[in-house]
Amino acid sequence: MPATPFDPTGCPCGTGRTYDACCGRLHRGAAQAGTAEELMRSRYAAYAVGGRTGADHLFRTWHPRTRPDDVDPDPRTTWTGLEIVRTDAGGPDDTVGVVAFRAHHDGPGGPGVMAETSRFERRGRRWVYVDGDLA
Ligand SMILES: [Zn+2]
C-alpha cells in the first residue's frame, strides 16, 4: 500500500497521464526510462507514492556508487507537485544528463520546495541518478 495518498488517475509527476501509463510502468519494471527527465519524473513519483514500491524504485535507479544502503521516503511528507526547470542532454543517445527541478511538498513543517540540479548517467540501457546539488 502506498504510504502517501495520491490520485491514481493522474500521475504524481504531472504529465497528465494516468499513473499506470506514466511512472507506474517504470515502478513495476515493465518499462525503462528513455531519458534522464523521464527517470527524474519517475523518481519524484516514487517519493510521492512512497511505501515499498517507491523505495524499491528509488534504490534500483540510484547509481551503485552513490546510493544509500537503504532508501526510505518519509511517509509524513506529501509531494504536491513537480516542475522541471531545465534539462541538459539526457536523451536516448546521451550517456549523461542533467535535470534541474523544483519539487513541492507539504508536511509537519508546513509546505516547502526542494530545488535540485540532478546528474544522471546511462549505464547500458538504463538511466540512473548519480547525485545532485541543492539550490
Ligand atoms: Zn509520471
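A short tour of the structure in this document, coming up. Since we're looking at a predicted model, the values are computed, not measured.

## Thoughts on the sheet that holds strand β2 (residues 96–106)
- One open sheet accounts for four strands, arranged β1-β2-β3-β4; its pairing is antiparallel. The strands lining the two open edges of the sheet, one partner per strand, are β1 (78–89) and β4 (126–134). Taken pair by pair, the neighbouring strands of this sheet meet at an average axis angle of 30 degrees, ignoring direction.
- Summarising the sheet, β2 and strand β3 (residues 112–123) pair through 10 bridges and their orientation is antiparallel. When the bridges of β3 are listed, His 104 appears paired with Val 113.
- Those strands touched by helix α2 (residues 36–49) are β1, β2, β3 and β4, and its axis lies near 165 degrees from that of β1.

## Side note on the pairing of β1
- Bridge analysis of β1 against β2 gives 10 bridges, and the strand direction is antiparallel. Residue pairing for β2: Ala 89 is matched across the bridge by Gly 97.
- Counting the residues between successive antiparallel strands, the hairpin from β1 to β2 contains six residues, one of them, Gly 90, with a positive phi of roughly 80 degrees.

## As for α2
- Helix length check: α2 (14 residues) gives 20 Å between terminal C-alpha atoms against 20 Å at 1.5 Å per residue, within 8%.
- Buried residues dominate α2, accounting for 11 of its 14 residues.
- Along α2, the residues classified as buried are Ala 36, Leu 39, Met 40, Arg 41, Ser 42, Arg 43, Tyr 44, Ala 45, Ala 46, Ala 48 and Val 49.
- Contacts made by the buried residues of α2 are with α1 (23–28), α3 (51–60), β1, β2, β3 and β4.
- Gly 50 sits one or two positions beyond α2 and adopts a positive phi of about 70 degrees.

## Concerning the nonpolar core
- Residues Cys 11, Cys 13, Cys 23, Met 40, Tyr 44, Leu 82 and Phe 120 are the most contacted members of the largest nonpolar core, which totals 25 residues.
- Looking at this core, the elements that each hand over two or more residues are α1, α2, β2 and β4.

## A closer look at the layout of surface pockets
- By volume, the largest pocket is sized at about 180 Å³.
- Surrounding the largest pocket, Met 40, Arg 43, Tyr 44, Tyr 47, Trp 62, Trp 79, Phe 101, Ala 103, Met 114, Glu 116, Ser 118 and Tyr 129 form its lining.
- Elements with a contribution of two residues or more to the lining of the largest pocket: α2, β2 and β3.
- Here the lining of the largest pocket takes four residues from α2, the largest share from any one element.
- Split into classes, the residues belonging to the lining of the largest pocket amount to nine nonpolar, one polar and two charged.

## Comments concerning the packing of α2 against α3
- Close contact between α2 and α3 brings their axes to 7 Å; oriented N to C, the two are set at 150 degrees. The angle between α2 and α3 places the two elements in the roughly antiparallel class. Of the two elements, α2 crosses α3, and the hand of that crossing is left-handed. Touching Leu 39, Ser 42, Arg 43, Ala 46, Tyr 47 and Val 49 of α2 are Gly 51, Gly 54, His 57 and Leu 58, all from α3.
- Class assignment of the residues belonging to the contact of α2 with α3 gives a composition of five nonpolar, four polar and one charged.

Cut-offs applied
- Residues numbered from 1 in each chain as written.
- Predicted model: local features only at pLDDT ≥ 70, side-chain atom pairs only at ≥ 80, totals over all residues.
- Heavy atoms only, no water.
- Pairing = 2+ DSSP bridges.
- Helix = DSSP H or I, 4+ residues; strand = E, 2+ residues; numbered from the N terminus.
- Axes fitted to C-alpha atoms, helices over the stretch in contact; angles between N-to-C directions.
- Contact = heavy atoms within 4.5 Å.
- Expected span 1.5 Å × (residues − 1).
- Buried < 20%, exposed > 50% of the residue type's maximum accessible area, 1.4 Å probe, protein only.
- Core = buried A, V, L, I, M, F, W, Y, C linked by side-chain atoms within 4.5 Å.
- 1 Å grid on protein atoms, 1.4 Å probe; cavity = no way out; pocket = protein on both sides within 12 Å on 5 of 7 lines; lining within 4 Å.
- Points joined across faces, edges and corners; volume = space filled by probe spheres on them.
- Nonpolar A, V, L, I, M, F, W, Y, C, P; charged D, E, K, R; others polar.
- Parallel < 35°, antiparallel > 145°, perpendicular 65-115°, else oblique.
- Left-handed = near helix turned anticlockwise from the far one by under 90°.

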